[in-house]
Amino acid sequence: MPKRPSKKPQNSTASKRSGSKKPSRRKSSSSKSEEKPTNGKWSKPKNTQPLPKFKGKGKFTSKSKGPNKALTKKSSGSSRDRGKPSLSLTLKGSFKLDVQQNLYFYPSSDNPTLSEQEEKFLNRRVQVAGKDSLTAIHGDEVIAVVTPNGRDPHRGNYRGRNHSTPELTANNWLEEPRNLKAKVTKILDRKVNRILGTYIYHNNKHYIAPEAQYLPEMEITHLGGLKPQIDDWISVRIEKWEKFYDKPILSLKNIIKYENPIELEELKVLARLGIEPEFNSTIQAELALITKQPLISEEERAKRDDFTKTPIITIDPKTAEDHDDAIGIEKLSDNQGWKLWVHIADVSHLVTPGSALDKEALHRGNSTYLPDKVLPMLPFALSQDLCSLKPDVERLTCYVELLLDEDAQVTDYKFGKGIINVAAKLSYEEAQGILDNPSESERPAAIIEVVQLSSTLTRLLRANRIKNGSLELERPSLELILNDQREVVGFEPSVHIETHELIEECMLLANETIATYMIQQQKACIYRVHDEPDPEKLENFSQMAQQYGYSPGDLTLRGELQRFLKVIKKSPYEAELKLALLKSLKRACYIEKSMPHYGLAKQHYTHFTSPIRRYADLVVHRQLSAVIQTQRTKQLEPTPYNNQAIAKIAEHLSVTERNSSDAEEQIKKLKLLNYFAKQAALPYDSRKSFEARIGDCSPGGLFIELSDFHLKGMIRRADLPYNQDEKAW
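Residues numbered from 1 in each chain as written. Predicted model: local features only at pLDDT ≥ 70, side-chain atom pairs only at ≥ 80, totals over all residues. Heavy atoms only, no water.

Attention now moves to the overall build of the chain. Check the secondary structure of the chain and you find 16 helices and 30 strands. Intrachain contacts of the chain at a sequence separation of at least 6 include 68% that bridge at least 24 residues. (Helix = DSSP H or I, 4+ residues; strand = E, 2+ residues; numbered from the N terminus. Contact = heavy atoms within 4.5 Å.)

Written as structure tokens, this is what we have:
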């Protein structure tokens, strides 16, 4: 098989003559194998010889211009193999690169017509060799062929070889993914479409040396007016690249600027996942036009319901500036229930479909919340000002009004467009203080009453939800304390208090009501769904929980799972076990049709309450706004999206949500590792100690886990205390 193209776009002699930087990261075994892109394509190595022609009687000749057909003809196999089924499986899935530069194929769950054994295999990953990656990059959706890798399944087992290994058959060959390999045969969709690497300038041409070592150095076709310097970290966009030996068409997207190595690593994480830290000039220009216009015209005011005199409050974290939601509540006159208003920022009024802002918001999919900053879906001028439900200013909302009986069951509801003036911006802590000691609060009586009535109602709502089978999956976590240089200097446990649930229950109810209404109206909508878990995965988790001393019971029964979650609550292993359980459950996602939400135990569910930070909510607002307009004018207002468009958007948003989650997790881990590295550099007596649990032992050392930080590592045997008297560690 021909070798991969060399990383050197020009031979070293020419490089020395030109005096420019030699664009090679990895050494080549022979200078003859170096090549450069010619005629728009990467040339194959010149020293690749055709397979010698077989002349018979065990002799070969190298004078042949091509291989003998007898050698290249597909063999029917030996007499032992003849008649055996082909051990291969073609699947759809995703291609990913881990931090150790290993390539993996992850089969997706939407592969049709699979056997029961093959469906179990979908939860595994299979390694991909660099030569079998086609032109795939991290995050791509691909088609791959999975086959046995042909290696000894017991290679590397120091306990010796087990010659009783069963022969691979159609029934058992998928059982051990380590003995399999995958070959990418087709790129279906480039989810990120970016390559990260360093900039090289050579012979009046611009190149990128990709961070992913399996990729060759490639010429950058379009610089887009940017002026990188040699060795700058850059990211490029793939405009076209179908075959490995074809010259790709690449455009320079951005130059990564940083102040220290940790910031560089963080920016590399964002670039790798396609998350943009800044908004481009086109967005800024469109934003300037919006900010010059009055927010509420007299014509718009006439179309909306006026809630400016109603006591409306927001309850958010202390540092929050992007206020999506607000609530108002009053007791019904007969004292037999409540009237609840859930007001949500009307982002759809300012961000119109097809605008530059809208396209960028769709591309981002959602805001990304990092330990030290927010990368918003919408520019701060919108997300923290014009759209944000700030106090003492008029803001536009889309609202749902709910009537509830004394048992907190919805008896009626309606939707509309409104104008509010938030009376109080409360933090969770201040709202909790009002509940605990209302007489000590300096807030007006009307605000105190809203908090108290909301608390009474949401306790009933939560009790109803738990009774219906909803799972309490919130797990303890640590909040990082950062200094002015955005470095970790300490930690504090996050405290879950009653007022967190107060707002949460109101939002859950609004989301469920909207989803049910859109089903009744038979309008296209984007839904949030959570599939039933795999019973085998729940059984594996149950066995793990038993090792911690628990008796989970049959976790496929919702009641048993609820009981188990109640038992482990506030136990030392709560965070660890809940994290393992979440990994055993399927991941919630967006789709275009309504399906039950397993975790919340709701038949219909959508996302409506956070359009500032989630594009899915903005889509729902636009669809609902068309329905509201139809009811107001009595003339049919078409919805902006059909089912086909929503299906495409939903698939994209499920990916961007995972990318944001990965970025948040990876950057938090980077900051923690930097903190631990600084601790390790201190004198021994000055270092802080942390509780750890031993997960496994090996001749090389101990595998430990810092449960509070969700970090795993190894203590080498050489670093363990050695007892001289007992001659043992």
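After presenting the structure, the write-up continues.
This part covers the side chain of S660. On the secondary structure map, S660 appears in helix α16 (residues 643-681). Among the polar contacts listed, one links the side chain of S660 to the side chain of N366, at a separation of 2.6 Å. S660 has contacts with I275, N366, S367 and T368, leaving out every residue within four places of it along the chain. (Polar contact = N/O pair within 3.5 Å; in protein donor to acceptor, adjacent residues only side chain to side chain.)

A few words on the pattern of salt bridges. This structure, assessed with the given rule, holds 38 salt bridges. For the salt bridge of E657 with R528, the shortest nitrogen-to-oxygen distance reads 2.7 Å. Linking E657 in helix α16 with R528 in strand β26 (residues 527-529), this pair joins segments that are 129 residues apart in sequence. Accessibility expressed as a relative area gives 21% for E657, which makes it partly exposed. By relative accessible area, which is 9% here, R528 ends up buried. Here D617 ties to R614 by a salt bridge, and the two come within 2.8 Å at their closest N and O atoms. Here the two residues D617 and R614 agree in accessibility, since each one is buried. Linked through salt bridges whose partners overlap, the residues forming this network are R462, R465, E472, E501, E505 and K569. (Salt bridge = Lys/Arg side-chain N within 4 Å of Asp/Glu carboxyl O. Buried < 20%, exposed > 50% of the residue type's maximum accessible area, 1.4 Å probe, protein only.)

Once that is clear, we can look at the packing of aromatic side chains. Applying the stated criterion across every chain yields a total of 18 aromatic pairs. Considering the side-chain rings of F676 and F690, the 5.3 Å spacing of their centres and the 85° angle between planes classify their relative orientation as edge-to-face. Of this pair, F676 sits in helix α16 while F690 sits in the loop between α16 and β28 (693-698), placing them 14 residues apart in sequence. According to the relative accessible area criterion, F676 is buried, its value standing at 17%. Through successive ring pairs, a cluster of aromatic residues spans F491, Y675, F676, F690 and F709. (Phe/Tyr/Trp six-rings, centres within 6.5 Å; stacked < 30°, edge-to-face > 60°.)

So, about the packing of helix α9 (residues 428-436) against helix α11 (residues 498-521). Viewed as axis vectors pointing N to C, α9 and α11 meet at an angle of 105°, and their least axial separation amounts to 8 Å. Taken together, the axis directions place α9 and α11 in an arrangement best described as roughly perpendicular. Contact residues: Y428, A431, Q432 and L435 in α9; E498, T499 and H500 in α11. (Axes fitted to C-alpha atoms, helices over the stretch in contact; angles between N-to-C directions. Parallel < 35°, antiparallel > 145°, perpendicular 65-115°, else oblique.)

Looking now at the sheet that holds strand β8 (residues 141-148). As summarised here, the arrangement of the five strands in space is β7-β6-β5-β8-β9, forming an open sheet in which the pairing is antiparallel. Strands with a single pairing partner mark the edges of an open sheet, and in this sheet they are β7 (126-127) and β9 (180-189). (Pairing = 2+ DSSP bridges.)

Okay, the packing of α9 against helix α10 (residues 445-467) next. The geometry of α9 relative to α10 is characterised by a closest axis approach of 10 Å and an angle of 85° between their N-to-C directions. Here α10 runs roughly perpendicular to α9, going by the angle between their axes. Contact residues: A431, I434 and L435 in α9; I448, V451, Q452 and S455 in α10. For the contact of α9 with α10, the per-class residue count stands at five nonpolar, two polar and no charged. (Nonpolar A, V, L, I, M, F, W, Y, C, P; charged D, E, K, R; others polar.)

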